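# Survey of secondary and tertiary structure
Read off the chains here:
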Amino acid sequence: SVQGGTHGSGSVEGASGTGGTYMSSTGALVGGFYGAVVTSYGSPGGTGDITLHSSLASVNVQAGEADAAAVSIEASHDEGGVMIQAATHAAGSVTVGAGTGGVSVTSTDSISVFGDGKVDVASAQNSASAVHVRNTHASGGVTIEGVGTHASTVLLAATAENGGVTMQAPEDGGSVTVSSS
């Protein structure tokens, strides 16, 4: 069924069965969509942007499929990127939660984690290697560097009862060096 004018001047309502619906508009395309939606705003060929926006409410993206990629966000251009940003001048935050499958962050280049406040890496796992920092390249290394002005800019501490700090190098020519300059 198609009905015009019930939601304002020049509006159109449409309903379709399982065959889907195709919509095109030179203005904003607004409404509630149930099922699969493929949209492109701009010129033919999809060169325009698609914006999901809500001034006073949330924008929720949900998928009910039992699939590891049930919600997928991909910038497919070689120079494309994905930006996730919370309120920068307020108490906004970004939370990433996962089930038993874990969280993986991969890159063909560097990965940077930065905060104006404290950066905290923690694990609740009961394991001697609950937090594991490693480099898997044969010639690679791991650097922990403190460049602040406090007396103890790098602190290795085992604060649990019977805890310890172990520094170990391979037996075939490796070494552990602790120096002060």
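Structural data are supplied above this passage.
Here the structure is a predicted model, which is why all the values come from computation and not from measurement. (Residues numbered from 1 in each chain as written. Predicted model: local features only at pLDDT ≥ 70, side-chain atom pairs only at ≥ 80, totals over all residues. Heavy atoms only, no water.)

This paragraph deals with the overall build of the chain. Counting its regular elements, the chain contains 0 helices and 2 strands. The 181 residues of the chain split such that 0% are buried. Contacts in the chain between residues at least 24 apart in sequence constitute 0% of all its contacts with a sequence separation of at least 6. (Helix = DSSP H or I, 4+ residues; strand = E, 2+ residues; numbered from the N terminus. Buried < 20%, exposed > 50% of the residue type's maximum accessible area, 1.4 Å probe, protein only. Contact = heavy atoms within 4.5 Å.)

It is worth spelling out the layout of surface pockets at this point. Quantified by volume, the second largest pocket comes out at close to 1,600 Å³. Its residues assigned to classes, the lining of the second largest pocket shows 17 nonpolar, 12 polar and 4 charged. (1 Å grid on protein atoms, 1.4 Å probe; cavity = no way out; pocket = protein on both sides within 12 Å on 5 of 7 lines; lining within 4 Å. Points joined across faces, edges and corners; volume = space filled by probe spheres on them. Nonpolar A, V, L, I, M, F, W, Y, C, P; charged D, E, K, R; others polar.)

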